[in-house]
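Residue-level structural notes
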Amino acid sequence: MNNRVNPIPGPDDIARRELANGLVVLARENFNAQSVVLTGLLRTGAIFDTPQTLGLADFGTEALLYGTANRSFEDIHETLEGLGADLEISAGVSSTGFGGKALAEDLGVLLDVLQDALRYPAFPADHVERLRGEYMTSLQMQQHDTRYRAGEAFRALAYPESHPYHYSSDGTLETIPALGRDLLVDYHRRTFGPRDAIVVVVGAVPAEAALDAVEAALGGWTNPDQPPRPAIPPAPALAEVRQTGVVVPGKTQSDLVLGVPGPGRRDPEFHAARLVNNVLGLFGMMGRLGKTVREAQGLAYYSYSLVEGESGPGPWRVMAGVNPANVGRAVESILAEIDRITREPVSEEDLADNKANFTGRLPLQLENNEGVASAILRMERYGLGLDYLRTYAATINALTADDLLAAAQKYFKPGAYALAVAGPDGK
Amino acid sequence: MGASVQKYVLKNGLTVLLKPIHTAPIVSWRVLYRVGSRNERTGQTGVSHWVEHMMFKGTPQFPAGTLDRLVDREGGVWNAHTFIDFTAYFETMPADRIDLALRIEADRMTNAVFAPEEVASERTVIISERQGRENSPLFWLGEEINGAAFRVHPYHHEIIGDMADLESMTRDDLYGHYQRYYKPNNAIAVAVGDFEPEAMLARIEALYGPIPAGELPAPFVRPEPEQRGERRVRVEREGNTAFLQVGYKVPDANHPDWFALAVLESVLGGPGGMGGGSVDNKTCRLYKALVMSEIAAAVNAGLTPTVDPFLFEIVLAVRDGRSLEEAEAALNAEIERIRTEDITQAELDKAIKQARALFAYSTEGVSGQSYWLAICENLGSYEWFETYVDRLSAVTVQDVRAAAEKYFDPRQRTVGWYIPTGDGDYAEGDDEGDEA
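The structure displayed is predicted, hence computed values, not measured ones.

1. Some remarks on the overall build of chain B
A tally of regular secondary structure across chain B gives 16 helices and 12 strands. Judged by the C-alpha coordinates and their principal axes, chain B covers about 60 × 60 × 50 Å. Counting every position in chain B, which comprises 436 residues, the buried fraction comes to 53%. In chain B, once contacts between residues fewer than 6 apart in sequence are set aside, the share between residues at least 24 apart is 82%.

Structure (structure tokens):
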């Protein structure tokens, strides 16, 4: 069956329905494979953690699939795995995402397990305690993961204690043992609800039938106590160099993260920042950073940069894995390249190449149902409009070299960045 | 899964597989060479992987640095993958730009430069790649397991290579490997996506047809002697989590027992993915016996389709407060149970349904399909992929029992312990706020 459809989703082929309880459902058909993907989010997450309950959202959300009022742990997973289906629910900072996949014939079952977990989690004590032990082991393993440690240390440096991005949403070896079952129950009761939630279905299911199925599963959900949609505050720009080293004994490579608080997804500089970041640390095998740090000097296997563009001011950061003896040289090279994007406009050739890269790769990002579902979710989540992808090329092509320079200058100030290094000697 | 595969062999021996799928305006082009770390001699371990890196360092037509920019400018993605059995290169491009991918791969099949200065700078990159992997406890444990399980066969070393060889490899070693193995008659080329087969084949003929076939070296094959006794390794390094890894010798992907082993993988550790999606493993036997019993924090079992006999691997992270001895005893009890008792029909049915779902997921995108068609052709025939679900569905409860009895013989296993040393102490610098 070869059904050619417009590869770029738009208002004419995305079905959308707002339910009475405030939940928004979107669906797009794809009958080229017999599978269906489900993705979406609720407006709760680690932003409701306190310094004393760090990890509550993450741990509590993971426990949703460990038993409900209607299904035991075994029932939930026999149902899913018996169908070859998969379902995950995980907490972010200001949202809690979920994603599932099944054969199209099993969408109803997948939705039923999802609504059961979101609405009626039982947090059975025995399974919660088992999960806690697994969670603690995982946290301990992360203590010996240099990339993880560098990333966490960077966040703590780059964001003030008053900002949710300062903290590890995974929690700590101290906070997780103190999160009793009552706290999990309370967290769920207080913050889970359908208002402003989004569910997206993409796959071999008629769009209207998909909307009906979601409405049948989640349309009856209410929570009068659901708080207003949480907002992530802006982050103050850094005014100086902040640097820390984390000692992880026995490692042969150091990982480093260097960066600043960057633009949020809705900030006007977002596209310009992403495009100039592409020049800096992605385009043509990791951009200018790849050329200098990896190719020319052979200092690192990986050296690249990202603009996260989250609901709030996500980090704009460079990451690299280098031999401990080369950390100083690598940092020097990275700073030189950051300095360059704040001083020199990118060349016309670089601008044209990077624009072509952004616009040309769109069909590849929509290769499978997950890619399409994620794109639709982003459009709805950030209010970009359902024609966003169809007008994306025009948006990108309107950017100028001066726009890119201004975005780099806004976020990267001379002598102001956070640097975290994790390795055998902490530097 | 849409149109069927068309197979051609050019006069120079290049195998070509074409699978047109017109659902999205993209094409995945993949060229696989039938050489991987299984063909490497001691002293040159890691040469396949390092050659893969050098293939991105330019040709006279596409000098170093231009290829990355060209592919990215056209909105494509490209990469390469070195495995024990092969080295493969791919581009997924907007359909109207795929000619660039065809030209790149034809060009670098014969014209890669291997400039000495590029070899020198890549040495530290490769060493850095290995050091990055060394930061993971499971890298060290896996390296020791393979080294013990394969005394003779080159599956004994890691794909990345031994550090001693990475430090001593010469430009001539690398270029010699390239010249020996990068021949059309040692390659499989696969296109999946939005193209017309006749025009695509004509273009492939035009670009690849003139490349002369080469005389391939006699395959470097050192069959592993039968293992008649358990082997054990210990790795003692810094850390705070203990890991247990066990590998049982199992046959190659073309062996009649392979699909019974795939069912065993599903029943014991959860089904293996085929790209495009995965299924969790919270109902498999090892999860119930090891994780729900609070001995392990996580467990995985894996079966890999390979050219030569390889390993059925089981890896678990031991929970804090529990011991490797307990974990090994519990694992061995489960293995013994599946050797001595039939699995249930329900377990078999679940494995088949899971395979059907995973196969459907794998057909959503073109990149995953070009990957599977290429590696399956390398195993013997692309039909291995296309008939996967049917062959797995033909497995019986008795087949599974027989395979378990035969292959989970304790004498054919290699057991590895990762023993964390120190008290897990770690220190964090306190120089926050200092000037750099």
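Now that the structure has been shown, the text picks up again.
2. What to know about the overall build of chain A
Per the secondary structure count, chain A includes 15 helices and 11 strands. In terms of C-alpha radius of gyration, chain A reaches 23 Å, essentially the compact-globule figure of 22 Å for 427 residues. Principal-axis analysis of the C-alpha atoms gives chain A an extent of 60 × 50 × 35 Å. When the 427 residues of chain A are sorted by exposure, 55% land in the buried category.

3. Topic: the domain arrangement of chain A
Residues and elements named next belong to chain A. Each assigned domain of chain A is listed here: domain 1 (15–218) and domain 2 (241–423). Inter-centroid distance (C-alpha atoms) of domain 1 to domain 2 is 28 Å. Contact with domain 1, which involves 28 residues of that partner, is made by 32 residues of domain 2. Those elements that provide at least two residues to the side of domain 1 that touches domain 2 are β2 (24–29), β3 (35–42), α5 (146–158) and β6 (198–203). Residue contributions to the side of domain 1 that touches domain 2 peak at 9 residues, all from α5.

4. Quick look at the interface of chain B and chain A
Taken residue by residue, the interface counts 70 residues in chain B and 72 residues in chain A. Taken together, the elements giving at least two residues each to the side of chain B that touches chain A come down to α2 (66–73), β5 (87–94), α4 (116–134), β7 (231–238), β9 (296–303), α12 (345–362), α13 (366–379) and β12 (427–428) of chain B.

5. Brief notes about the sheet that holds strand β8 (residues 243–250) of chain B
All names here are of chain B. Pairing within the open sheet is mixed, and its 5 strands lie in the order β7-β11-β8-β10-β9. Where the open sheet ends on each side, the last strands, each with one partner, are β7 and β9. Averaged over all pairs of adjacent strands, the angle between their axes in this sheet comes to 15 degrees, without regard to strand direction. Bridging between β7 and strand β11 (residues 413–421) involves 8 bridges; their strand directions are parallel.

6. Regarding the domain arrangement of chain B
Residue and element names in this part refer to chain B. Annotation of chain B at the domain level lists domain 1 (6–208) and domain 2 (231–421). For domain 1 and domain 2, the distance between their C-alpha centroids amounts to 28 Å. In this assembly, 33 residues from domain 1 lie in contact with 29 residues from domain 2. Of all the elements, helix α5 (residues 137–149) adds the most residues to the side of domain 1 that touches domain 2, at 9 residues. A class-by-class count of the residues in the side of domain 1 that touches domain 2 yields 20 nonpolar, 6 polar and 7 charged.

7. A short note on the environment of A:V260
Its place among the elements puts A:V260 in strand β8 (residues 254–261). Other than its neighbours up to four places away in sequence, A:V260 contacts A:A158, A:L238, A:W316, A:Y411, A:F412, A:A416, A:Y417 and A:A418.

8. Focus on the packing of helix α9 (residues 258–269) of chain B against helix α16 (residues 397–407) of chain B
Residue and element names in this part refer to chain B. The contact between α9 and α16 brings their axes to 9 Å, and the two run at 90 degrees. Between α9 and α16, the angle is such that the two are roughly perpendicular. For the pair α9 and α16, the contacting residues are A260, L261, V263 and L264 in the first and D399, V400, A403, A404 and Y407 in the second. The residue makeup of the contact of α9 with α16, split by class, is 8 nonpolar, no polar and 1 charged.

9. Re the pairing of β3(A)
Residue and element names in this part refer to chain A. By the criterion of burial, β3 is predominantly enclosed, with 8 of the 8 residues buried. Neither face of β3 is left uncovered, since the one carrying S35, V37, T39 and L41 and the one carrying V36, L38, G40 and L42 both have all their residues buried. By the bridge criterion, 8 bridges tie β3 to strand β5 (residues 96–103) in an arrangement that is antiparallel. In the strand pairing of β5, T39 is matched with G99. Bridge analysis of β3 against β6 gives 6 bridges, and the strand direction is antiparallel. Looking at the pairing, L38 lines up with V201 of β6.

10. Details of helix α7 (residues 207–218) of chain A
All names here are of chain A. End to end, α7 covers 17 Å across 12 residues, agreeing with the expected 16 Å (1.5 Å per residue, within 8%). Listed as buried for α7 are A210, L211, A213, V214, A217 and L218. Projected onto a plane normal to the axis of α7, the buried residues spread over an arc of 160 degrees and lie on a single side.

11. Considering the nonpolar core
Residues A:L256, A:V276, A:A420, B:V263 and B:L316 are the most contacted members of the largest nonpolar core, which totals 270 residues. Broken down by element, this core gets its largest block of residues, 9 residues, from α9(B). Look past the residues within four positions of B:L316 in its chain and what remains in contact with it is B:F243, B:L244, B:L290, B:A296, B:A298, B:V299 and B:A327.

12. So, helix α15 (residues 401–411) of chain A
All names here are of chain A. Residues of α15 that are buried: L404, A407, A408 and Y411. Projection of α15 onto a plane perpendicular to its axis shows the buried side chains occupying an angular sector of 95 degrees, all on one side. Contacts made by the buried residues of α15 are with β8, α8 (270–281), β10 (315–322) and α10 (327–343).

13. Concerning unusual backbone geometry
A positive phi is found at A:F123, a non-glycine position, where the angle reads about 45 degrees. Following the sequence through the fold, A:F123 ends up in the loop between α3 (107–119) and α4 (125–143).

14. What about the sheet that holds strand β2 (residues 15–20) of chain B?
Residue and element names in this part refer to chain B. The strand order across the open sheet formed by 6 strands is β1-β2-β6-β3-β5-β4, and the pairing between neighbours is mixed. The sheet terminates laterally at β1 (6–9) and β4 (77–82), the two strands that pair on one side only. Taken over all neighbouring pairs, the strand axes of this sheet differ in orientation by 15 degrees on average, direction set aside. Two strands pair when backbone bridges link them, and β4 and β5 are joined in this way by 6 bridges, in the antiparallel orientation. Residue N79 lies in a different strand from β5, and its bridge partner there is F90. Lying on the sheet, α13 is in contact with β2, β3 (26–33), β5 and β6 (187–193); it crosses β6 at an angle near 155 degrees.

15. Brief notes about the environment of B:F195
For B:F195, the location among the structural elements is in the loop between β6 and α8 (197–208). Residue classification places B:F195 among the buried residues on the basis of 22 C-beta atoms within 10 Å.

16. Considerations on the packing of helix α1 (residues 47–54) of chain B against α4(B)
Two quantities define a packed helix pair, namely the angle between the helix axes and the distance between the axes. Residue and element names in this part refer to chain B. Axis separation between α1 and α4 bottoms out at 11 Å; the angle between their running directions is 120 degrees. By the angle between their directions, the pair α1 and α4 is classed as oblique. Judged by the twist between their axes, the crossing of α1 over α4 is right-handed. Mapping the contact onto sequence places W50, H53 and M54 in α1 and E118, V119, E122 and I126 in α4. Counted by class, the contact of α1 with α4 contains 4 nonpolar, 1 polar and 2 charged residues.

What counts, and at which threshold
- Residues numbered from 1 in each chain as written.
- Chains lettered and ligands numbered in written order.
- Predicted model: local features only at pLDDT ≥ 70, side-chain atom pairs only at ≥ 80, totals over all residues.
- Helix = DSSP H or I, 4+ residues; strand = E, 2+ residues; numbered from the N terminus.
- Buried ≥ 20, exposed ≤ 12 C-beta atoms within 10 Å, placed from the backbone.
- Contact = placed C-beta atoms within 7 Å.
- Rg over C-alpha atoms; globule rule 2.2 N^0.38 Å.
- Domains from an automatic or database assignment.
- Pairing = 2+ DSSP bridges.
- Axes fitted to C-alpha atoms, helices over the stretch in contact; angles between N-to-C directions.
- Nonpolar A, V, L, I, M, F, W, Y, C, P; charged D, E, K, R; others polar.
- Parallel < 35°, antiparallel > 145°, perpendicular 65-115°, else oblique.
- Expected span 1.5 Å × (residues − 1).
- Arc of directions from axis to C-beta.
- Core = buried A, V, L, I, M, F, W, Y, C linked by C-beta atoms within 7 Å.
- Left-handed = near helix turned anticlockwise from the far one by under 90°.

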